[in-house]
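Structure at a glance
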Amino acid sequence: MTAYVLRPAVPEDYDPIAGVVDDWWGRPILPSLPRLFLDHFHRTSLVAEREDGRMAGFLIGFPSPSLLDEAYIHFVGVSPEARAGGVGRSLYDRFFAIARDHGRRTVKAVTSPVNAPSIAFHRRMGFTVSDPVPGYAGPGTALVTFERAI
């Protein structure tokens, strides 16, 4: 089993993330993760690195500035070879601790209804999973919502 180290993200992580995210997801997804997320939310976001320094995963999340009891996970990616190795769970568990440190009691996230692996992962992590919410991201764009008390 490969060892991973979790560290806080830095703005300079954007280019390495941008370079792999479409491949890791198997479809064009980078437009959902503009650079501004790492510029403005890197202190509460995380990167998982292998012992050799290569990225194994990342989580972009932040305490909500408007909903003071909530934190939001905007984007998570785990390299295909690191899946099922606990990287995703470790990223989420560390983010839950960050959210609690910021006084948050709930973590929320969303995904596309076609993202069955994400929906299954969130269920395993103890999130409640909604049916697709029509129009959640604008007309004709339904999303599945996730919520978990921490």
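About the cut-offs
- Residues numbered from 1 in each chain as written.
- Predicted model: local features only at pLDDT ≥ 70, side-chain atom pairs only at ≥ 80, totals over all residues.
- Heavy atoms only, no water.
- Phe/Tyr/Trp six-rings, centres within 6.5 Å; stacked < 30°, edge-to-face > 60°.
- Helix = DSSP H or I, 4+ residues; strand = E, 2+ residues; numbered from the N terminus.
- Buried < 20%, exposed > 50% of the residue type's maximum accessible area, 1.4 Å probe, protein only.
- Expected span 1.5 Å × (residues − 1).
- Pairing = 2+ DSSP bridges.
- Salt bridge = Lys/Arg side-chain N within 4 Å of Asp/Glu carboxyl O.

**Here's the deal with the packing of aromatic side chains**
- The full count for this structure, using the stated rule, is 12 aromatic pairs.
- Ring centres of Phe58 and Phe75 lie 6.0 Å apart, and the angle between their planes is 10°; this geometry places the pair in the stacked category. In this pair, Phe58 sits in strand β3 (residues 55-63) while Phe75 sits in strand β4 (residues 70-78), placing the two residues 17 residues apart along the sequence.
- The class of Phe75 is buried, set by a relative accessible area of 5%.
- For the ring pair Tyr92 and Phe121, a centre distance of 5.0 Å and an interplane angle of 75° mean the geometry is edge-to-face. Taken together, the residues span a long stretch of sequence, with Tyr92 in helix α3 (residues 87-101) and Phe121 in helix α4 (residues 116-124) at a distance of 29 residues. Each member of the pair Tyr92 and Phe121 is classed as buried.
- Three or more aromatic residues joined by ring pairs form one cluster here, namely Tyr92, Phe96, Phe121, Phe127 and Phe146.

**Overview of α3**
- With 15 residues, α3 extends 21 Å between its outermost C-alpha atoms, agreeing within 8% with the 21 Å of an ideal straight helix rising 1.5 Å per residue.
- Looking one or two residues beyond α3, the residue adopting positive phi is Gly103, at roughly 80°.

**Some details on the pairing of β3**
- Here β3 lies mainly inside the structure; nine of its nine residues are buried.
- Counting the residues that bridge the hairpin from strand β2 (residues 46-50) to β3 gives four residues, and of these Gly53 lies at a positive phi of roughly 90°.
- Of the pairings in the sheet, the one linking β3 to β4 comprises seven bridges and is antiparallel in character. The residue bridging Gly61 from the neighbouring strand is Ile73, located in β4.
- Connecting β3 to the next strand, β4, in antiparallel fashion are six residues.

**Remarks on the pattern of salt bridges**
- A complete count under the given rule lists eight salt bridges for this structure.
- With its nearest N and O atoms 2.8 Å apart, the salt bridge here joins Asp15 to Arg35. Placement of the pair is Asp15 in helix α1 (residues 14-25) and Arg35 in the loop between α1 and α2 (36-41), with a sequence separation of 20 residues.
- Using a relative accessible area of 37% as the deciding quantity, one classes Arg35 as partly exposed.
- Residue Lys108 pairs with Glu70 through a salt bridge whose shortest N-O separation is 3.1 Å. Of this pair, Lys108 sits in strand β5 (residues 106-111) while Glu70 sits in strand β4, placing them 38 residues apart in sequence.
- Owing to a relative accessible area of 26%, Lys108 belongs among the partly exposed residues under this scheme.
- In the salt-bridge network here, residues are joined through shared partners; they are Arg7, Asp13 and Glu49.

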